[in-house]
Amino acid sequence: MCIRDRSFIGLPASGAIGEKVVHPDDPAIVFAAALGNPFGSNPERGVYRSRDGGEHWEQVLFLNDSTGAVSLAMNPENPDEVFAGMWRAERKPWALISGSADGGIYRSRDGGNSWTKLSGGLPEGLVGRVGLSISPANPSRVWAMVEAEPGNGLWRSDDSGETWRFVNGDGRLAGRAFYYHHVVADPSDENTVYVLNTRLYRSTDGGESFTMIPVPHGDLHDLWIHPDDPEIFVVGSDGGAVVTLNYGETFSTVYNQPTAEFYDVVVDNQDPYRLYGSQQDNTTIGVLSRMGRNQLRPQEGWRYAAGCETGPIALDPDDPTVIWGGCYSGVINRMDVTKDTRRNVVLYPASTGVAP
């Protein structure tokens, strides 16, 4: 199905939207977590609310011009209760800023009109990224992945955010918080919860212990669980989306849909011409612009280009037999297509291209 009726509905300066939640009884009421400009300060960040399906937005939670909202959770039994994870995140060429004294978990109990920063045992001082989820099976149970030191990991409240307990700081769950820190509650069992990181992890004992669920691709950023059948869920990763119908025993392939993220694209002058690019969290790739007459599937025409996911790719469009590709630490890879030979070229006087 191709969706052609699309329209822009606002928040042009918000930079990035971390999450949206929709009122279960009135779909015209929508909350959006606006992270803001990731490269500098701007006031268009925080929590926004629309009462008319996105036609108009009002900023209902604003802390300052450098702290935005990254996550939201709405109580399914009491939609006036909304939780927001507030995060100062700023990317610079030389650093990543993650965290501030303003960061943390905020709660509204009047549909977003007023907000209170929660404490009740939560980390104080510098708090970074926060992921939130409310258990549909027990809406008094709120899960939070919190970036803090000490206290980096999974927190749980059993009284709608009044008090909190640190339940798990396993490094598999809490590593590289600025990139992950996603938590999703099971819809039918209050003691089952998922944490997304480089891999997918599930706990069935209230977060005390976790088991890894093998998935076809790493770096996980989203999880949708069927509200009536939790054995069916969809996992979103740097490789696209995969589906399980049997509680994670098996998954569909990442090749069901073209969901690769390309950092760059170059083309050659062959007929049919070939497109080359570097893929986020995958290899570089060269793809024919159209299938050949004797091809059964598009993958038959795919081939590795040069370098790795960081790219970029460079070649002579009239004679693409030699392909150059960038990789980490300034390393450049030279690939001879006709001979299928590859070698690295390091232009810096160091073994890895950068000073130790």
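Model, not experiment: these values are computed from the prediction. (Residues numbered from 1 in each chain as written. Predicted model: local features only at pLDDT ≥ 70, side-chain atom pairs only at ≥ 80, totals over all residues. Heavy atoms only, no water.)

Colleague: Is there a simple way to think about the pairing of strand E11 (residues 127-134) in this case?
Modeller: Side-chain positions along a regular strand alternate between the two faces of the sheet. For E11, the tally of buried residues reaches 8 of 8 residues, placing the bulk of the element in the interior. Strand direction decides the pairing type here: E11 and strand E12 (residues 142-148), joined by 6 bridges, are antiparallel. When the bridges of E12 are listed, isoleucine 134 appears paired with valine 142. (Buried < 20%, exposed > 50% of the residue type's maximum accessible area, 1.4 Å probe, protein only. Helix = DSSP H or I, 4+ residues; strand = E, 2+ residues; numbered from the N terminus. Pairing = 2+ DSSP bridges.)

Colleague: Would you explain unusual backbone geometry in this entry?
Modeller: Excluding glycine, most residues fall at negative phi; most peptide bonds, likewise, are trans. The omega torsion of the bond from aspartate 271 to proline 272 falls at 0°, within 30 degrees of zero and hence cis. Residue position: proline 272 is located in the loop between strand E22 (266-267) and strand E23 (274-278). Between glycine 311 and the following residue, proline 312, the backbone shows a cis peptide bond with an omega angle of -5°. With respect to the element layout, proline 312 can be found in the loop between strand E24 (284-288) and strand E25 (313-315). For leucine 11, which is not glycine, the phi dihedral falls at a positive 55°. Note on placement: leucine 11 falls in the segment before strand E1 (17-22). For aspartate 219, which is not glycine, the phi dihedral falls at a positive 60°.

Colleague: It is not clear to me how a negative patch on the surface should be interpreted in this structure. Could you clarify?
Modeller: Taken together, the side chains of Asp228, Asp229, Glu231 and Glu249 present a region of like negative charge at the surface. The exposure class of aspartate 229 is partly exposed, given its relative accessible area of 31%. (Patch = residues over 30% accessible without salt bridge, like charges linked within 9 Å, V, L, I, M, F, W, Y side chains within 5 Å. Areas by Shrake-Rupley, 256 points an atom, 1.4 Å probe, with all protein chains shown as cover. Salt bridge = Lys/Arg side-chain N within 4 Å of Asp/Glu carboxyl O. Lys, Arg positive; Asp, Glu negative; His and termini not counted. Charge placed at Lys NZ, Arg CZ, Asp CG, Glu CD.)

Colleague: Could you clarify how one ought to interpret the packing of aromatic side chains in this entry?
Modeller: One pair of aromatic rings is described through two measures. These are the centre distance and the angle between the planes. Enumeration according to the criterion identifies 6 aromatic pairs in this entry. Judged by centre distance (5.1 Å) and plane angle (50°), the rings of tryptophan 155 and phenylalanine 166 are tilted. Highlighted residues: tryptophan 155 in strand E13 (residues 153-157) and phenylalanine 166 in strand E14 (residues 165-168), separated in sequence by 11 residues. For tryptophan 155, a relative accessible area of 7% corresponds to the buried category. Residue phenylalanine 166 is classed as partly exposed on the basis of its relative accessible area of 34%. On the numbers, 6.0 Å between centres and 65° between planes, the contact of phenylalanine 233 with phenylalanine 251 is edge-to-face. Taken together, the residues span a long stretch of sequence, with phenylalanine 233 in strand E20 (residues 233-237) and phenylalanine 251 in the loop between strand E21 (240-244) and E22 at a distance of 18 residues. This pair shows no difference in class: phenylalanine 233 is buried, exactly as phenylalanine 251 is. Stacked on the ring of tyrosine 179, the Lys or Arg arginine 176 has its end atom at 4.5 Å from the ring centre. Here arginine 202 stacks its cationic end above the ring of tyrosine 247, 3.7 Å away from the centre of that ring. (Phe/Tyr/Trp six-rings, centres within 6.5 Å; stacked < 30°, edge-to-face > 60°. Lys NZ or Arg CZ within 6 Å of the ring centre and 35° of its normal.)

Colleague: Just to check I follow, could you spell out the side chain of glutamine 280 for this structure?
Modeller: For glutamine 280, the location among the structural elements is in the loop between E23 and E24. Judged by its relative accessible area of 9%, glutamine 280 is buried. With residues near it in sequence (within four places) discarded, glutamine 280 still touches Tyr179, Asp238, Glu261, Tyr263 and Glu309. (Contact = heavy atoms within 4.5 Å.)

Colleague: Please explain a nonpolar patch on the surface as it appears in this structure.
Modeller: Taken together, the side chains of Phe262, Val265, Val267, Tyr273 and Leu275 make up a nonpolar region of the molecular surface, amounting to roughly 420 Å² of accessible area. Within the secondary structure layout, phenylalanine 262 lies in the loop between E21 and E22. Look at phenylalanine 262 and you get partly exposed, because its relative accessible area is 37%.

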